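Reading the structure
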Amino acid sequence: MSGTKSGSHGGADDPFEEGGSSLLRQPKAVWATAGASVVAFMGIGLVDPILPSIARGLHATNSQVSLLFTSYFLITAVAMLITGFVSSRIGGRKTLLAGLALVVVFAALSGMSGSVGELVGFRAGWGLGNALFVSTALAVIVGAAAGGSSAAILLYESALGLGMACGPLLGAVLGDMEWRYPFFGTAVLMAVGFIAITAFLKEQPKPAARTSLLAPVKALGHGGLAATAASAFFYNYAFFTVLAFTPFVLNMSPYKSGGVFFAWGVLLAVFSVLVAPRLQRRFGSLKVLCGSLLLFAADLVVLGYGDHTTAIVCTVLAGAFIGLNNTVFTELALGVSDAPRPVASAGYNFVRWFAAAAAPFLAPKIEEWTDIHLPFVVAAVAAVTGAGIVAVRRRALTMEAEERAPQHATEDGVAAFAQ
């Protein structure tokens, strides 16, 4: 199988090859936005260690508690259609602050929930705020960062990895005292981020052209982007089966579950930021993606049928495959089509987040209908399907990605990405 050897970390502007100085020497505005991004990504895995505690505290079933992910990501998916529309009209800074404000409000309300229905509803509002913030943060970091687009993207991916690793840890530490505390803790941290961005980030120039609501959907008419989004949809189903369903299978205390998912997040960060770029340069992006998806599928099957210790090991190991997949999928989505990068990213995320909403709901239902093993088999089949789509569409993906290799981004490309 042929594959592009391009990646946003390769080439002459690779911060690693420059000694990392361009990554660390950033304006305060960049660090403020990156810090808030860490907290935003922490919110995704925050509830993992406390899902059983929430179920007991609110007298809810596993499938009801899993709706915390479903409502969050369903709203996130739909919100991808409006984030570019909003930011292109009010500017990146105001969009970030609006997203942060919504997260602060709805995270605090989540901590005060009196029923699982209220909590699910408040998580939906949280998802809207997170979508506005996360979809805009990368463009703001690219626009304000020193050292070029590679340093900015690497900093953003580092924030993602750190947030995914620390979210379960924060959830475990605070949730061991009371399941409501992680929500209040997130609200406080995001309020700090709101203050930091208000103080350090100046408004950036608005894009010359405004983004329409339908632009992300129209962008999916491109065959390469549609194939990337379709593959990512099936991959995300497998990803969020691990994130949302495995805590019930492990059935551990918040501290122990938090430790497992912290290790999972560390591997995710290391393989996303450090390992993926090197494997891409050596083997090509598409070979890395297909191989990682197939290994992820095998890991899921072993997780589903292994004993408790095996399930823990496979859960942690899944972080490595998820880190690889996240990096390659992001680069394909940003470079495979001729649409402006923010528009292409919005269309791609619109599709893939629906799977993130579906998996937390379907996995517990499949367990109820069959047994505890089958949800992981379904997830493994989804990962294999994602690899199959990449294999079938490899020729178009390779040609497009090579023509639009992220590491060859020009100033015009960076400007388009920041729109």
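The residue numbers shown here count from 1 along each chain, following its written sequence. Given that this is a predicted model, residues contribute local features only at a pLDDT of at least 70 and side-chain atom pairs are listed and counted only at 80 or more, while totals for whole chains, interfaces and linings are drawn from all residues. The side-chain values count all of the structure's non-hydrogen atoms but skip hydrogen atoms and water molecules.

A few words now on a nonpolar patch on the surface. For patch detection, residues must exceed 30% relative accessible area and be free of salt bridges, and they are connected within 9 Å for like charges or within 5 Å for nonpolar side chains (Val, Leu, Ile, Met, Phe, Trp, Tyr). Here the open area of atoms and residues is found with the Shrake-Rupley method and a 1.4 Å probe, where only the protein chains shown may cover a residue. One speaks of a salt bridge when a side-chain nitrogen belonging to Lys or Arg is within 4 Å of a carboxyl oxygen belonging to Asp or Glu. Taken together, L169, V173, Y255, F262, V266, V270 and L274 make up a surface patch of nonpolar side chains, about 510 Å² in accessible area. Elements that contribute at least two residues to the nonpolar patch include exactly α7 (148-175) and α11 (254-283). By residue number, the principal contributor to the nonpolar patch is α11, which donates five residues. Strands here are runs of E lasting at least two residues and helices are runs of H or I lasting at least four, both read from the DSSP assignment and numbered beginning at the N terminus. Tracing the backbone shows V270 in helix α11.

Expected helix span is taken as 1.5 Å per residue step, with the number of steps being one fewer than the number of residues. Its 18 residues give helix α2 (residues 28-45) an end-to-end C-alpha distance of 27 Å, which sits within 8% of 26 Å, the value for a rise of 1.5 Å per residue. Among the 18 residues in α2, 15 count as buried, and that is most of the element. Relative accessibility thresholds used throughout: buried, under 20% of the residue-type maximum; exposed, over 50%; partly exposed, between the two (1.4 Å probe, protein chains only).

Attention now goes to the packing of aromatic side chains. Centres within 6.5 Å are what make two rings of Phe, Tyr or Trp a pair, Trp counting through its six-membered ring; a difference in plane orientation under 30 degrees is then read as stacked, over 60 as edge-to-face, and the rest as tilted. A complete count under the given rule lists 17 aromatic pairs for this structure. Ring geometry for Y72 against W126: centres 6.4 Å apart, planes inclined by 75°, an arrangement best described as edge-to-face. Taken together, the residues Y72 in helix α4 (residues 62-90) and W126 in helix α6 (residues 116-144) connect sequence positions 54 residues apart. Using a relative accessible area of 1% as the deciding quantity, one classes Y72 as buried. When its relative accessible area of 0% is taken as the criterion, W126 is described as buried. Only when the NZ of Lys or the CZ of Arg is both within 6 Å of the ring centre and within 35 degrees of the ring normal is a charge said to sit over the ring. Directly above the aromatic system of F85 lies the positively charged group of R89, at a separation of 3.7 Å from the ring centroid. The cationic tip of R123 hangs over the ring face of W126; the distance from NZ or CZ to the ring centre is 4.8 Å.

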